[in-house]
Amino acid sequence: VLVSLPLQMTLYFNAYYFPVWCLAEGMMLQLKYHLLPWHYQFLLVTAFLILSLAEVSRLYLGYVGNLQEK
């Protein structure tokens, strides 16, 4: 079994720090949302959702791939 311990540790800590980042970024987005033009509002919300979904999928695939040696 060739599981990468440094990768597993990185994924583990990232899984715990990601909700903190998500909460902080969501609060900052909420605070400045009404001050921005509509196109920036759309771009910020879209980028936030895409980055969040990409990070969740990256963490899941990292866990599965590292533990199953894929």
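As annotated in an unreviewed UniProt entry, the chain is TMM17 protein from Bucco capensis.

K.L.:
I'd like a rundown of the UniProt feature "transmembrane region" (unreviewed entry) in the chain, residues and numbers included.
P.N.:
Sequence positions flagged by UniProt for "transmembrane region" (unreviewed entry) are, in local numbering, residues 38-61. Structurally, residues 38-61 comprises 100% helix and 0% strand, and the distance from its first C-alpha atom to its last is 35 Å.

K.L.:
Any details on the packing of aromatic side chains? Residues and values, ideally.
P.N.:
Under the definition given, this model contains four aromatic pairs. Measuring from centroid to centroid gives 5.9 Å for Phe18 and Trp21, while their planes differ by 25°, and the two rings are stacked. One end of the pair is Phe18 and the other is Trp21, both in helix α1 (residues 5-32) and three residues apart, which spans about a single turn. Phe18 gets classed as buried once you look at its relative accessible area, which sits at 13%. The exposure class of Trp21 is partly exposed, given its relative accessible area of 35%. Arranged with centres 6.0 Å apart and planes meeting at 35°, the rings of Trp21 and Phe48 form a pair that is tilted. Highlighted residues: Trp21 in helix α1 and Phe48 in helix α2 (residues 38-67), separated in sequence by 27 residues. The exposure class of Phe48 is buried, given its relative accessible area of 18%. An aromatic cluster is defined as three or more aromatic residues linked by ring pairs; in this entry it consists of Tyr12, Phe13 and Tyr16.

What counts as what
- Residues numbered from 1 in each chain as written.
- Predicted model: local features only at pLDDT ≥ 70, side-chain atom pairs only at ≥ 80, totals over all residues.
- Heavy atoms only, no water.
- UniProt positions renumbered as here; feature names shortened; annotations may be inferred.
- Helix = DSSP H or I, 4+ residues; strand = E, 2+ residues; numbered from the N terminus.
- Phe/Tyr/Trp six-rings, centres within 6.5 Å; stacked < 30°, edge-to-face > 60°.
- Buried < 20%, exposed > 50% of the residue type's maximum accessible area, 1.4 Å probe, protein only.

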